[in-house]
Amino acid sequence: MADKEWVRVYATDQPHKAGIVKAFLEDNQINTVVVNKKDSSYTFIGDIELYTASEDALLATTLIKVNEL
């Protein structure tokens, strides 16, 4: 797993939206990694980003767009 190239497919400042998109992608057999880049002191600064393996990135972004997530 360490040799995979990861691609950002989604970013939001709302944790619940990140959770919904992560669950949706995993329901469609797309492994997803969440990276929380929010500042711990100022929670309104930064995003929560979702990454997938590069070979799943196109499918993931298409699913996100088609389902308006």
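Quick look at the structure, then. Since the model is a prediction, treat every value here as computed from it, not as a measurement.

On to the overall build of the protein, then. Assigned secondary structure in the protein consists of 2 helices and 3 strands. Mapped in sequence order, the helices and strands of the protein form the string β-α-β-β-α. Within the protein, buried positions represent 26% of all 69 residues. Across the protein, contacts joining residues at least 24 apart in sequence account for 58% of those joining residues at least 6 apart. For the protein, the accessible area works out to roughly 4,700 Å², and carbon and sulfur atoms hold 52% of it.

Take the sheet that holds strand β3 (residues 48–53) next. In spatial order, the strands read β1-β3-β2; together these 3 strands make up an open sheet with antiparallel pairing. For this open sheet the edge positions go to β1 (6–12) and β2 (33–36), each flanked by a neighbour on one side alone. The average undirected angle you get between the axes of adjacent strands in this sheet is 30 degrees. The strands that helix α2 (residues 54–66) touches are β1 and β3; relative to β3, the one it contacts most, it runs at about 125 degrees.

Procedures and definitions
- Residues numbered from 1 in each chain as written.
- Predicted model: local features only at pLDDT ≥ 70, side-chain atom pairs only at ≥ 80, totals over all residues.
- Heavy atoms only, no water.
- Helix = DSSP H or I, 4+ residues; strand = E, 2+ residues; numbered from the N terminus.
- Buried < 20%, exposed > 50% of the residue type's maximum accessible area, 1.4 Å probe, protein only.
- Contact = heavy atoms within 4.5 Å.
- Areas by Shrake-Rupley, 256 points an atom, 1.4 Å probe, with all protein chains shown as cover.
- Pairing = 2+ DSSP bridges.
- Axes fitted to C-alpha atoms, helices over the stretch in contact; angles between N-to-C directions.

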